[in-house]
2 protein chains.
Amino acid sequence: MARWFESGTLSVMTLVPAATTAFAASVLRSRLAAAAVEAERRGLDALLITPSPDFAYLLGYRPPALERLTCLVVPASGVPRLVLPRLEAPLAAHQLGELADEVEVIAWDEVDDPFQLVHALIETDAARVGVQDQMWARFVLRLRAVLDPVELVAAGPAMAAMRRVKGPDEIERLRAAGAAADQAMLEITRERLSGRTEAEVSRRVLELLLEAGHDTAEFAIVASGPNAASPHHEAGGRVIEAGDAIVLDIGGTLAGYWSDTTRTAFVGEPPADFVALHEVLREAQEAACAAVGPGVAAAEVDRAARSIIEEAGYGERFIHRTGHGVGLELHEEPYVVAGNAEPLEPGHAFSVEPGIYLPGRWGARIEDIVVCTPDGGERLNGTDRRLHIVE
Amino acid sequence: MARWFESGTLSVMTLVPAATTAFAASVLRSRLAAAAVEAERRGLDALLITPSPDFAYLLGYRPPALERLTCLVVPASGVPRLVLPRLEAPLAAHQLGELADEVEVIAWDEVDDPFQLVHALIETDAARVGVQDQMWARFVLRLRAVLDPVELVAAGPAMAAMRRVKGPDEIERLRAAGAAADQAMLEITRERLSGRTEAEVSRRVLELLLEAGHDTAEFAIVASGPNAASPHHEAGGRVIEAGDAIVLDIGGTLAGYWSDTTRTAFVGEPPADFVALHEVLREAQEAACAAVGPGVAAAEVDRAARSIIEEAGYGERFIHRTGHGVGLELHEEPYVVAGNAEPLEPGHAFSVEPGIYLPGRWGARIEDIVVCTPDGGERLNGTDRRLHIVE
């Protein structure tokens with residue numbers, strides 16, 4: 001989940017003093033070196049990284065993505081250089097800290113052409129350059145024109161190769177975020193939910209996410225009754241009532257890393273068919289988690305959940321992949337989806353979140369973040385996965 | 001200003017129930033029609049609009065920008081179509097409301113190739129297609145490959161041509177956001193600031209922005225003492241003390257539209273040279289606001305402020321442009337910058353925010369949002385522009 005445009009319901013970002021310790025300079029230094037190696041390995045003369053999670057991964061801070069070009073140039077060999085608007089130079093110097101000695105900052109003035117500055121940093125015999133996955137199209141198109149005939153390709157694979165394997169400090173952050181989300185989930189499922197609107201409960205979850213230690217509370221899907229059949233439902237004005245299934249999908253960031261967990265609740269005594277549906281789902285989610293281990297294809301984890309749901313006759317009602325990687329982004333590699341033959345490795349972190357959705361009636365989803373370990377998988381969420389009966 | 005990565009200081013997003021009324025279907029309908037006309041006028045066979053402010057402008061809601069392609073295809077002639085992942089179809093149907101009859105929704109499944117779906121929607125004899133300015137590079141590169149030999153160009157100019165002239169409902173939202181920001185500014189400048197850290201004051205401003213009616217509190221630059229010389233300073237652990245200049249640059253969104261206002265305060269009795277500096281700045285800001293009117297080049301507004309600052313000997317210390325357009329984005333067209341010969345028109349809305357920065361010592365900035373009217377300019381911020389003396 002991520003941010004929705006406000007439209008009558010709930011806007012979900014939240015404030016906090018980020019108790020974050022930035023990554024150690026030594027960590028960032030080795031990431032920058034690894035990025036150069038990845039570029040070299042893929043035949044890229046340089047990586048061009050605009051403000052984004054990749055930028056934060058390499059430099060430890062994340063400036064705003066704005067119309068003024070800020071671009072880290074990581075050559076396959078040579079010194080990384082950071083091109084930025086002059087008014088952001090003081091902040092960059094502050095944020096780079098120790099790294100400032102190793103990353104050359106090139107500030108441009110309002111009347112300069114920053115694309116020409118980037119051009120001047122690319123070797124004259126360069127053939128291919130990687131551009132950050134979320135770089136704005138306006139920058140991509142300008143760079144393509146200025147760098148011609150250099151070919152622009154996606155920097156995503158090079159960055160993902162590094163980012164999808166989490167280091168110990170990253171897993172620690174994911175673990176802390178997971179624990180905080182669990183705390184919020186525990187508390188919301190103990191509250192009386194009937195008689196409140198989805199939006200009210202969603203806002204309450206955001207507060208609980210912050211109280212539990214998140215730096216930002218980013219989303220709180222509260223999908224009740226027939227709305228539970230919409231996987232990305234936006235919490236709205238519907239009043240929760242007895243007989244509702246409620247999908248609670250919540251998360252935020254802590255020290256830059258995301259939490260993301262889902263549980264399903266039912267208001268009052270659940271009917272036998274919903275209990276049965278949820279039990280199928282729970283088995284499917286367990287089986288998928290149990291399938292995690294080094295060398296196992298991501299698609300196999302998806303298959304483990306999907307086959308159980310299919311056998312129970314709900315195959316058509318499981319309308320999304322089983323999961324997505326998580327880290328500095330809510331959705332990143334590896335994706336747990338049919339067709340992804342990529343073998344899991346220790347340090348991969350991803351959601352396992354099968355769901356069953358019956359349009360017009362109800363839906364259910366169960367989600368944990370799982371880290372692949374040398375021995376199998378470790379879940380970073382631990383609240384009860386059974387159907388939560390609420391008032 | 002916009003969002004910074006958390007790194008030891010403050011993360012600035014905030015929660016709220018968005019009391020937003022979405023745009024009327026009739027407004028959206030005419031915007032979609034105007035987009036087709038703009039495409040035609042620029043020789044574009046279609047506009048491809050991924051989730052972004054442009055998307056919100058045309059469809060009235062803003063889905064998350066994620067790795068699954070969501071793309072509105074607006075052909076120069078024909079029916080607009082919305083390609084999206086199936087799991088977001090229910091939300092889209094809900095959000096589109098009345099528009100759902102006119103925008104054909106094409107949902108793709110996890111194993112489909114959405115780029116081929118977009119390809120199938122482009123006329124076979126198409127030559128040029130506009131891509132949304134902030135479309136992710138990964139999508140741009142895929143579309144380029146799939147649509148080849150169709151040329152991809154920036155959709156920005158077409159979209160900006162519409163968006164930079166605000167309609168009455170948009171100006172009303174900007175006005176409400178401006179009034180809310182003024183309220184927060186008024187309150188923070190009445191509080192005792194010395195003895196508190198920048199980060200504490202920043203968090204307090206975010207609360208005040210919300211209390212004053214914003215849907216989201218997005219930023220609160222609190223730059224004190226020597227930090228005031230960094231235009232985009234991130235509020236940090238520095239404790240504010242007597243003798244500090246403090247730049248307060250604050251804003252958020254209300255009904256989707258941004259506020260952005262800056263005032264400068266001084267803790268205790270200000271020295272004569274700072275008073276003189278601030279007075280120069282105030283005159284410059286007044287002159288720039290007074291220069292606003294239909295037919296006046298945006299660059300002239302910049303010149304009006306800059307010439308006064310230059311005459312006073314601070315020309316080298318005014319290190320950024322005078323302003324930026326504002327609306328659904330914090331920074332958008334028109335830009336009030338040297339070289340922009342574009343004539344202002346009634347309905348243009350932008351910041352006027354000259355600043356003077358003396359590295360290592362102090363800085364000051366004054367900022368209002370101004371709307372160009374048939375007769376001149378109307379400021380949407382009205383708090384006292386003189387130096388605020390605080391405790």
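Criteria and thresholds
- Residues numbered from 1 in each chain as written.
- Chains lettered and ligands numbered in written order.
- Predicted model: local features only at pLDDT ≥ 70, side-chain atom pairs only at ≥ 80, totals over all residues.
- Heavy atoms only, no water.
- Helix = DSSP H or I, 4+ residues; strand = E, 2+ residues; numbered from the N terminus.
- Rg over C-alpha atoms; globule rule 2.2 N^0.38 Å.
- Buried < 20%, exposed > 50% of the residue type's maximum accessible area, 1.4 Å probe, protein only.
- Contact = heavy atoms within 4.5 Å.
- Expected span 1.5 Å × (residues − 1).
- Polar contact = N/O pair within 3.5 Å; in protein donor to acceptor, adjacent residues only side chain to side chain.
- Arc of directions from axis to C-beta.
- Salt bridge = Lys/Arg side-chain N within 4 Å of Asp/Glu carboxyl O.
- Phe/Tyr/Trp six-rings, centres within 6.5 Å; stacked < 30°, edge-to-face > 60°.
- Lys NZ or Arg CZ within 6 Å of the ring centre and 35° of its normal.
- Domains from an automatic or database assignment.
- Buried area = accessible area lost by both parts, 1.4 Å probe.
- Axes fitted to C-alpha atoms, helices over the stretch in contact; angles between N-to-C directions.
- Parallel < 35°, antiparallel > 145°, perpendicular 65-115°, else oblique.
- Left-handed = near helix turned anticlockwise from the far one by under 90°.
- Nonpolar A, V, L, I, M, F, W, Y, C, P; charged D, E, K, R; others polar.
- Core = buried A, V, L, I, M, F, W, Y, C linked by side-chain atoms within 4.5 Å.
- Pairing = 2+ DSSP bridges.

### What to know about the overall build of chain A
In terms of helices and strands, chain A carries 10 helices and 20 strands. A globule of 391 residues ought to have a C-alpha radius of gyration of about 21 Å, and chain A, at 23 Å, matches this closely. A principal-axis box enclosing the C-alpha atoms of chain A has dimensions of 70 × 40 × 35 Å. Within chain A, the proportion of its 391 residues that are buried is 65%. Taking the contacts inside chain A whose residues are at least 6 apart along the sequence as the reference set, 68% of them involve residues at least 24 apart.

### So, the side chain of Thr 373 of chain A
As for its placement among the helices and strands, Thr 373 of chain A is situated in the loop between β18 (368-372) and β19 (377-379). Apart from the residues lying within four places of it in its own chain, the contact partners of Thr 373 of chain A are Pro 294, Pro 346 and Glu 378 of chain A.

### Here's the deal with helix α8 (residues 198-211) of chain A
Residue and element names in this part refer to chain A. When the terminal C-alpha atoms of α8 are compared, their 20 Å separation across 14 residues agrees well with the 20 Å that a helix rising 1.5 Å per residue should span. Every buried residue of α8 is accounted for by Glu 198, Ala 199, Val 201, Ser 202, Val 205, Leu 206, Leu 208, Leu 209 and Leu 210. Backbone geometry just downstream of α8 places Gly 213 in the positive-phi region, at approximately 115 degrees.

### Structural notes on the side chain of Thr 216 of chain B
Residue and element names in this part refer to chain B. Along the chain, Thr 216 turns up in strand β9 (residues 216-224). Side-chain polar atoms of Thr 216 contact the side chain of Glu 218, separated by 2.7 Å. Within the local environment of Thr 216, its side chain forms a polar contact with the side chain of Thr 253, the two groups lying 2.6 Å apart.

### Quick notes on helix α4 (residues 114-121) of chain A
Residues and elements named next belong to chain A. Every buried residue of α4 is accounted for by Pro 114, Phe 115, Val 118 and Leu 121. When α4 is viewed along its axis, its buried side chains cluster within an angular range of 115 degrees and face the same direction. Contacts made by the buried residues of α4 are with β3 (46-49), β4 (71-75), β5 (81-85), β6 (104-108) and α5 (137-147). Put simply, Asp 113 is the residue that caps the front of α4, since its side-chain oxygen is 2.8 Å from the backbone nitrogen of Phe 115.

### Quick word on the pattern of salt bridges
By the definition in use, this model includes 68 salt bridges over all chains. One salt bridge in this structure joins Arg 321 of chain B and Glu 67 of chain A, with 2.6 Å as the shortest N-O distance. Highlighted residues: Arg 321 of chain B in the loop between α10 (298-311) and β13 (323-325) and Glu 67 of chain A in the loop between α2 (53-59) and β4, drawn from two different chains. Overall, Glu 67 of chain A belongs to the buried group, its relative accessible area being 11%. Asp 54 of chain B is the partner of Arg 163 of chain B in a salt bridge, and the nearest nitrogen-oxygen pair spans 2.5 Å.

### Quick look at the packing of aromatic side chains
Residues and elements named next belong to chain A. Enumeration according to the criterion identifies 16 aromatic pairs over all chains in this entry. Sitting over the ring of Phe 23, Arg 173 keeps its end group 3.9 Å from the ring centre. In this structure, Arg 306 is placed above the aromatic ring of Phe 318, and the distance from its NZ or CZ to the ring centre is 3.9 Å.

### Quick notes on the domain arrangement of chain A
All names here are of chain A. Entries for chain A in the domain assignment read domain 1 (25-163) and domain 2 (165-390). Placing the centre of domain 1 and that of domain 2 at their C-alpha centroids yields a distance of 35 Å. On the side of domain 2, 9 residues touch domain 1, which itself brings 9 residues to the contact. Summed over both sides, the interface of domain 1 with domain 2 buries roughly 720 Å², with 39% coming from carbon and sulfur. The salt bridge partner of Glu 329 is Arg 163, with a shortest N-O separation of 2.9 Å. Summed over the shared surface of domain 1 and domain 2, the number is 6 residue pairs in polar contact (both at pLDDT 80 or more). Looking at the side of domain 1 that touches domain 2 element by element, the count peaks at 4 residues for helix α6 (residues 156-163).

### Considering the packing of helix α7 (residues 168-188) of chain A against α8 of chain A
All names here are of chain A. For the pair α7 and α8, the least separation of the axes is 8 Å and the interaxial angle reads 140 degrees. The angle between the axes of α7 and α8 places the two elements in the oblique class. Relative to α8, α7 is oriented so that their crossing is right-handed. Where α7 abuts α8, its residues Ala 181, Ala 184, Glu 187 and Ile 188 lie against Val 201, Arg 204, Val 205, Leu 208 and Leu 209. Of the residues that constitute the contact of α7 with α8, the class distribution is 7 nonpolar, no polar and 2 charged.

### Observations concerning the nonpolar core
Here is a general trend for soluble globular proteins: nonpolar side chains tend to be buried in one another's company. Residues Leu 48 of chain A together with Leu 48 of chain B are the most contacted members of the largest nonpolar core, which totals 52 residues. Ignoring any residue separated from it by four or fewer positions in sequence, one finds Leu 48 of chain A in contact with Cys 71, Leu 72, Val 73, Val 118, Ile 122, Val 129, Gly 130, Val 131, Gln 132, Met 135, Leu 143 and Leu 147 of chain A.

### Brief notes about the environment of His 214 of chain B
All names here are of chain B. In this structure, His 214 sits in the loop between α8 (198-211) and β9. Along the sequence, His 214 and Tyr 257 sit 43 residues apart, while their C-alpha atoms lie 9.5 Å from each other. One polar contact links the side chain of His 214 to the main-chain carbonyl oxygen of Leu 209, over a distance of 2.8 Å.

### Points about the pairing of strand β15 (residues 349-352) of chain A
Across a regular strand the side chains alternate sides, sitting on one face of the sheet and then on the other. Residues and elements named next belong to chain A. With burial as the criterion, each face of β15 is covered, one bearing Ala 349 and Ser 351 and the other bearing Phe 350 and Val 352. As defined by bridge partners, β15 adjoins β18 across 4 bridges and the pair is classed as antiparallel. Paired with Phe 350 across the strands is Val 370, a residue of β18.

### Overview of the sheet that holds strand β8 (residues 151-154) of chain B
Residue and element names in this part refer to chain B. An order of β6-β5-β4-β3-β7-β8 is seen for the 6 strands of this open sheet, with the pairing classed as mixed. Two strands bound the open sheet, and with one partner strand each, they are β6 (104-108) and β8. Strand-to-strand twist across the sheet, computed as the mean angle between neighbouring axes with direction ignored, equals 25 degrees. Relative to β6, strand β5 (residues 81-85) runs parallel, the two being bridged by 5 bridges.

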